[in-house]
Amino acid sequence: MNAHYELPLEDAGYSFGFLDEYAKKEVRRCILKAISIPGYQTPYASREMPMGRGFGTGGLQLTLSLIGEDDTLKVIDQGSDDSVNAVNLRQFVQLTCPGVDVTEKTQEATLIQSRHRIPEKMLTEEQILVLQVPYPDALVVVEPSEARRKVMHGEADYSRLLVKLYEDVVRFDEITISHRYPTRINGHYVIDPSPIPRWDVPRLHQSPALVLLGAGREKKIYAVPPYTVAEPLVFDDIAFRVEDFRDANGQRIACRCCGSTVSFLDELIDDAGNITHQCSDSTYCEEQQETISARKRA
Amino acid sequence: MSNKILSVRGLSRIHGEQCPLCISSTGPEHDTNMCSHCGSVVAAHDVNFDLYRGEILGIIGESGSGKSSTVKMLYFDDMPTAGSATFYDGDVQHDMFALNAAQQRSMRNKRFGMVYQNPHLGLNFQISAGGNIAERLLMSDLRHYVEIRTRAGDLLARTEVSRARMDQNPKTFSGGMQQRVQIAKALATQPPLLFLDEVTTGLDLSVQAAILDLILEIQHELGTAMIVVTHDLGVIRLLAGRTLVMKHGRVIESGLTDQILEDPQHAYTQRLVASAL
Ligand SMILES: Nc1ncnc2c1ncn2[C@@H]1O[C@H](COP(=O)(O)OP(=O)(O)OP(=O)(O)O)[C@@H](O)[C@H]1O
Ligand SMILES: [Mg+2]
Ligand SMILES: [Zn+2]
Ligand SMILES: [Zn+2]
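Attention in this report is confined to the structure presented alongside it. Treat the numbers as computed from the prediction; the structure is a model and nothing was measured.

1. Overview of the overall build of chain B
Scanning chain B from N- to C-terminus turns up ten helices and ten strands. Its C-alpha atoms put chain B at 55 × 45 × 40 Å along the principal axes. Taken over 277 residues, chain B has a buried fraction of 56%. Of all intrachain contacts in chain B linking residues separated by at least 6 positions in sequence, the fraction that spans at least 24 positions is 69%. Here chain B has roughly 11,700 Å² of accessible surface; of this, 49% comes from carbon and sulfur atoms.

Spelled out as structure tokens, the structure:
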């Protein structure tokens, strides 16, 4: 992707991609390591970025290290290309990476940086998905010491996470984790798959696209390489379930804008105080609407 | 196949820097376990014994004599500074302290069980009683929720904790009940070897008696070999076929419990037995 390494410094005083070539190389080296050990949290030297950590700097450093002039970038936040965060990140890349194209269309992008969602449209081998992660370690909820967590990961000892699931089922008759569902990659490491909803977890499994996860504050990079097994932690006799979006009558709720009954929905409260639902992936929703109006025109 | 389950040789644990005089300046004849030259504590030195399938071995001695230290090393809570232990698991022999950390963890989770005097060491008080047992089953790779629940309920019923309390936090249980949950947890993987460290200390006499009964029943039913640590001669008399007497980190006497109680050889043991009569 990066055909051009040594670009001259811009007038503003920084090189293509904001990070210097040495920093980008270091990140790429860590990416290669992360891909080689699927799900392993690879430490890297997270740089200071001109925005607060916690605003996607981990994902951004991955993006900036990977992006080249022939790339097309899509940035989404909570499924939307238009949220403030997504707009800011996209503008930052446009400013620091002259020549890079941006898009809102999932299928046009070669690189997608996202927070909280995986696009509804199936990704391809030609694409890389970068997810921003606030808390990279799934074990943090059961073990405060990082040293002990490392040993647990090394030995693939996830029994205490499973106990948490057990307690959940005892108390609520089901596993109540809605986001950041602990997911086992390639049969060993369990990852925190960023705050994606359960809906998106099965889409990590055997994904044709490379999925990279970056935590800027915690200085970790990890990966779900293409066509890798990704299994949510569950019991043999309790199936993993995604959000089902059914109303009181058991009917699948449809998006109020495009009518889709197969997408992940956001719950909204309209001006009159009624609960309505709408696709969380705004691009997907718009495309569905276009298809419908095209059909009507025909 | 021999009936031996555990063979301990020269097991030692010294806390501190150690110097060449640590051993010669400590022990019962010096009336201390602390080296006067370097200040190291010889918690246990040169402990030797064999344990057979289904047997209960008692370790008795005053406070600080090295009883817990010995058992902790065998359960991998602590590493020895010298010595070896061989665990005979079916046809396989394991040189316990030569295993790597993951192998030790697996042995501890699947083949051993431990009941501590302090239930806070043996139980997770953040989760339910059933969850505590589930944890051990999950550690031994059982992944079937209904089966985990059934087995946890059965184990609690077996140790006479009502199934109705299975989903409650053991924080709310009496001391005796907490020990029963610990025993159920230790038994979850049906281990051939169990360590019990002062499990009845601090409980009411009637509660003590009931727990000791339970331990004997388990030994009879499951043929579990046990090492029982106590400073209570009554516990030794009731449970242990053979006994080690420890003082200042050394085993000063060992043999059949009846013989030790009737004809103690070491002056210390003689005083111990006399004072208990
Ligand atoms: N981590 C440690 N550091 C230093 N000394 C220790 C440590 N652990 C134990 N010791 C010392 O080792 C000696 C043996 O302790 P141990 O706990 O084995 O005694 P015990 O026979 O179980 O006594 P008790 O009946 O009081 O439980 C004691 O003098 C103790 O203070
Ligand atoms: Mg002790
Ligand atoms: Zn829609
Ligand atoms: Zn010394």
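2. Some words on the pairing of strand S5 (residues 128-132) of chain A
Residue and element names in this part refer to chain A. The element S5 is extensively covered by neighbouring structure, given that five of its five residues are classed as buried. Summarising the sheet, strand S4 (residues 111-115) and S5 pair through four bridges and their orientation is parallel. Bridge assignment links Gln113 to a residue of S5, and that residue is Val130. As defined by bridge partners, S5 adjoins strand S8 (residues 210-215) across five bridges and the pair is classed as parallel. What sits directly across from Gln132, in S8, is Gly214.

3. A look at the pattern of salt bridges
All names here are of chain A. Applying the stated rule across the entire model yields 31 salt bridges over all chains. The shortest N-O distance in the salt bridge between Glu287 and Lys121 comes to 2.7 Å. Of this pair, Glu287 sits in helix H6 (residues 282-297) while Lys121 sits in the loop between S4 and S5, placing them 166 residues apart in sequence. By relative accessible area, Lys121 is classed as partly exposed at 31%. In this structure, Asp244 engages Arg246 in a salt bridge whose closest nitrogen and oxygen atoms are separated by 3.9 Å. Residue classification places Asp244 among the partly exposed positions, given a relative accessible area of 45%. Given the relative accessible area of 46%, Arg246 is considered partly exposed. Several salt bridges converge on common partners, so that one network encompasses Arg117, Glu120, Asp200 and Arg203.

4. Focus: the coordination of the zinc ion (ligand 3)
Residue and element names in this part refer to chain A. Here the zinc ion (ligand 3) is held by Cys255 (SG), Cys258 (SG), Cys279 (SG) and Cys285 (SG), and the distances to it run 2.2 to 2.3 Å. Motif for the zinc ion (ligand 3), donor spacing along one chain: C-x2-C-x20-C-x5-C. In this pair, Cys255 is assigned in the loop between strand S10 (230-232) and strand S11 (265-269) and Cys279 in strand S12 (residues 275-279), connecting sequence segments 24 residues apart. A relative accessible area of 4% means that Cys255 is categorised as buried. Cys279 gets classed as buried once you look at its relative accessible area, which sits at 4%.

5. Quick look at the interface of chain B and chain A
Chain B puts 19 residues into the contact, and the matching count from chain A is 15 residues. Per-residue buried area on chain B facing chain A is highest for Arg105, Arg143 and Tyr145 of chain B; these three make up 44% of the total on that side. Scanning the region where chain B abuts chain A turns up two salt bridges. If you look at where chain B meets chain A, you find nine residue pairs in polar contact (both at pLDDT 80 or more).

6. A few points about the sheet that holds strand S6 (residues 183-185) of chain A
All names here are of chain A. An order of S7-S6-S10 is seen for the three strands of this open sheet, with the pairing classed as antiparallel. Of all the strands in the sheet, just strand S7 (190-191) and S10 have a single pairing partner and so form its edges. Taken together, the two bridges between S6 and S7 define a ladder with antiparallel strand orientation. Of the residues in S7, the one forming a bridge with Arg184 is Val190.

7. Observations regarding the side chain of Thr106 of chain A
Mapped onto the fold, Thr106 of chain A is located in the loop between strand S3 (101-102) and S4. Sequence-distant contacts of Thr106 of chain A, defined by excluding residues within four places in its chain, comprise Lys74, Ile112, Pro119, Lys121, Leu123, Gln127 and Thr283 of chain A.

8. Describing the packing of aromatic side chains
Taken as a whole and judged by the stated rule, the model has 13 aromatic pairs over all chains. Pairwise contacts between aromatic rings join Tyr75, Phe76, Phe87, Phe97, Phe112 and Phe195 of chain B into one cluster.

9. Quick word on the sheet that holds strand S2 (residues 41-52) of chain B
Residues and elements named next belong to chain B. Across the sheet, four strands lie side by side as S2-S1-S4-S5; this open sheet has antiparallel pairing. Strands at the two margins of the open sheet, each flanked by one partner only, are S2 and strand S5 (92-95). Between one strand axis and the next, the sheet turns through 15° on average, direction left out of account. Here strand S4 (residues 82-89) runs beside S5; their pairing, made up of four bridges, is antiparallel. Looking at S5, one finds that Phe87 is bridged to His94. Where helix H1 (residues 67-74) meets the sheet, it contacts strand S1 (4-15), S2 and S4, and its direction lies at approximately 120° from that of S1.

10. Structural notes on the site of ligand 1
All names here are of chain B. In the region of ligand 1, 13 residues are neighbours, and Ser63, Gly64, Lys67, Ser68 and Ser69 sit closest. Note that an oxygen atom of ligand 1 is positioned 3.2 Å from one of the backbone N or O atoms of Ser65. In the environment of ligand 1, an oxygen atom lies 2.8 Å from a nitrogen or oxygen atom belonging to the side chain of Lys67. Taken by itself ligand 1 offers 640 Å² of open surface, and the protein chains cover 61% of this. Secondary-structure elements contributing two or more residues to the shell around ligand 1 are S2 and H1. Per element, the largest residue contribution to the shell around ligand 1 is three residues, and it comes from H1. Classifying every residue of the shell around ligand 1 gives two nonpolar, eight polar and three charged.

11. A closer look at the packing of helix H6 (residues 175-187) of chain B against helix H7 (residues 205-222) of chain B
Residues and elements named next belong to chain B. Relative to each other, H6 and H7 sit at 15°, their axes nearing to 10 Å. As judged from the angle between their axes, H6 and H7 are roughly parallel. The chirality of how H6 crosses H7 is right-handed. Where H6 abuts H7, its residues Gly176, Gln179, Arg180, Ile183 and Leu187 lie against Val207, Ala210, Ile211, Leu214, Ile215, Ile218 and Leu222. Residue classes in the contact of H6 with H7 are distributed as nine nonpolar, two polar and one charged.

12. Quick look at the environment of Ser206 of chain B
Residues and elements named next belong to chain B. Here Ser206 is to be found in helix H7. Since its relative accessible area comes to 56%, Ser206 is described here as exposed. Spatially, the C-alpha atom of Ser206 lies 9.9 Å from that of Gly176, the residues being 30 residues apart in sequence.

Each value, and the rule that gives it
Residues numbered from 1 in each chain as written. Chains lettered and ligands numbered in written order. Predicted model: local features only at pLDDT ≥ 70, side-chain atom pairs only at ≥ 80, totals over all residues. Heavy atoms only, no water. Helix = DSSP H or I, 4+ residues; strand = E, 2+ residues; numbered from the N terminus. Buried < 20%, exposed > 50% of the residue type's maximum accessible area, 1.4 Å probe, protein only. Contact = heavy atoms within 4.5 Å. Areas by Shrake-Rupley, 256 points an atom, 1.4 Å probe, with all protein chains shown as cover. Pairing = 2+ DSSP bridges. Salt bridge = Lys/Arg side-chain N within 4 Å of Asp/Glu carboxyl O. Donors = N, O, S within 2.8 Å, 3.2 Å for Na, K, Ca; no water. Buried area = accessible area lost by both parts, 1.4 Å probe. Polar contact = N/O pair within 3.5 Å; in protein donor to acceptor, adjacent residues only side chain to side chain. Phe/Tyr/Trp six-rings, centres within 6.5 Å; stacked < 30°, edge-to-face > 60°. Axes fitted to C-alpha atoms, helices over the stretch in contact; angles between N-to-C directions. Near = heavy atom within 4 Å. Nonpolar A, V, L, I, M, F, W, Y, C, P; charged D, E, K, R; others polar. Parallel < 35°, antiparallel > 145°, perpendicular 65-115°, else oblique. Left-handed = near helix turned anticlockwise from the far one by under 90°.

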